[in-house]
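# Structural overview
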Amino acid sequence: MEKPSLNSIKTVSKVKCALVVDDEPMLREILSDLLKERGYTVLEAENGQEALSIFADHKEISVVFSDIRMPVMDGVTLFSHLKKGSPHLPFILMTGYSDIMDLESAYQMGVTEFLTKPYSSDDVNSSIDLVEHMQAGRSSSSDGSVDGDHEYCRVFIDEFVSGSKALSDVFLKVGANKYIRVGRKESPISLERVNNYKSKGLQYLFLRKQDFAAYVGMNLALSKAISRQNVPKHKKLKVLNHTLKTLVQDVHINGIDKEKFEDAKGLMEATLNLVFEQEELFSLFDMIKGHSVSAYTHSLAVSMYAVAVCNQWGWRSTMVLNKVSLAGLFHDIGLKEMPEDLIQKYRVQMTMEELKLYQTHPTRGAALLLQTSGIPEDVVAVALQHHENMLGTGYPHSLNRSRIHPLAKIIGTVDRFIELLAIGKRSEVGDPSLVLNQMHTVMKDEVDLQTLKALMEIFSVPIPKDMRGLSSRSMITN
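Everything in this summary refers to the structure shown in the same document. Note that this is a predicted model, so its numbers are computed, not measured.

Rules used throughout
Residues numbered from 1 in each chain as written. Predicted model: local features only at pLDDT ≥ 70, side-chain atom pairs only at ≥ 80, totals over all residues. Heavy atoms only, no water. Helix = DSSP H or I, 4+ residues; strand = E, 2+ residues; numbered from the N terminus. Contact = heavy atoms within 4.5 Å. Phe/Tyr/Trp six-rings, centres within 6.5 Å; stacked < 30°, edge-to-face > 60°. Buried < 20%, exposed > 50% of the residue type's maximum accessible area, 1.4 Å probe, protein only. Salt bridge = Lys/Arg side-chain N within 4 Å of Asp/Glu carboxyl O.

This part is about the side chain of Lys409. Among the secondary structure elements, Lys409 is positioned in helix H18 (residues 406-426). Residue contacts for Lys409: discarding those within four places in its chain leaves Met390, Arg401, Ile404, Asp448, Thr451 and Arg473.

With that settled, the discussion passes to the packing of aromatic side chains. Counting across every chain of the model gives six aromatic pairs. When the ring of Phe261 is compared with that of Phe330, the centres are 5.8 Å apart and the planes differ by 35°; the resulting orientation is tilted. Here the residue Phe261 occupies a position in helix H10 (residues 258-278), and Phe330 occupies one in helix H13 (residues 318-330), the gap between them amounting to 69 residues. Residue Phe261 is classed as buried on the basis of its relative accessible area, which comes to 2%.

Attention shifts here to the environment of Leu368. On the secondary structure map, Leu368 appears in helix H16 (residues 361-370). Among the residues examined, Leu368 registers a relative accessible area of 16% and is labelled buried. C-alpha separation for the pair Leu368 and Ala383, spaced 15 residues apart in sequence, amounts to 9.7 Å. For Leu368, the residues in contact, after removing those within four places along its chain, are Ile256, Ile333, Gly334, Lys336 and Glu337.

This paragraph deals with the pattern of salt bridges. Counted according to the given criterion, the structure contains five salt bridges. Of the charged contacts in the structure, one is a salt bridge between Arg28 and Glu44, with a shortest N-O distance of 3.2 Å. Note that Arg28 is positioned in helix H2 (residues 25-37) and Glu44 in strand S2 (residues 41-45), a separation of 16 residues in sequence. A residue is classified by how much of its surface remains accessible, and Arg28, at 7% relative accessible area, is buried. Arg473 is the partner of Asp448 in a salt bridge, and the nearest nitrogen-oxygen pair spans 2.3 Å. Of this pair, Asp448 sits in the loop between helix H19 (432-443) and helix H20 (449-458) while Arg473 sits in the segment after H20; the two residues are 25 residues apart in sequence, bridging distant segments of the chain.

Structure (structure tokens):
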């Protein structure tokens, strides 16, 4: 293939010029043709030394695609030379073999991405999309915008489980309703690649919804395996925490069945045993509060803080604590039937029509749970009643305090605390003491005061005079 002349290159736009470096002429030609289809003018070199000479004369080059193994100078050495003078130049290494040391070294140096041979046009386009996305100075979903494409589920990049056996394709979000594939089912995404994305400020990876259940299954298997291994407690907690969130997310997406409920029950038992054995409840809270607000994180936070309240009262019954934790985990399951953009809003942001729809989620949630055998009646009652209040002005049935299930009083109060805490975080307040004092001042007649007092004790907030005489709630034994 004839290379562009030096004179013709002088007028090339800086944002649309690629340098392809490969010692195989046919592969250079294939890649060059694909890049030209994307509007790039292409320069070619057959080794790293020739590429350096071309680059010295043509600073308009905006991206480099280079093979790793070449005579005279390999791709990693080429990158190390180019990085010195052009540290932000997008550089994509192409490889047809698995040399982990080279890959790890290249990622640490700052290589943008890898393109695995044999590559398809989709692979090349995905690499270009990623390069152009990063050149524009954006990071995947870092603006907090709602994911508008409901065919994908996001996974926090810090918690993404990478292994030798990929169960689905993996994507990055690069714009509204626009995703690029960065990992294939048959070619698993490596931990080094995940860390590379993380270092560039990307917060999430995405899976197709139909593939998410398989990812949850992989997490469940990992949780069961790690629980039997001699690993540090905090690492076990991190895995259990992530698996619980992915399981709740799967329930919101695909619904609940007996198997999922039993999985949740087993995970909660393992988590609580680990937490109370090591008194590391707040280390789990740190992992929860470190992430963006979502329905799944919210449910897990409600579950664990409700358990903390019971622990503050001295409740030790495994059966009762499991009911409390599962009630917190599934109290908002009715949101499964709500539009995604509605779920992402706080109630104060909703229109009257949206609020009416939102207020149907307790009834919907109870109906969903009743369809699943083996779920305790207490958990169903909490899903139905967690938005009732002590004044009898809640929904869906405006129950007075004597008719509200005791666990629903606990979960309902903790639910309000977590919601207000999340709102505060968005406005950079997010202080538990401020939120708890606000709840006492503004809504003390609506919430369960025994639960509110326990939360204040947990966070070492001075107890108001009018609450000091409150005793702890008696344990529910049936």
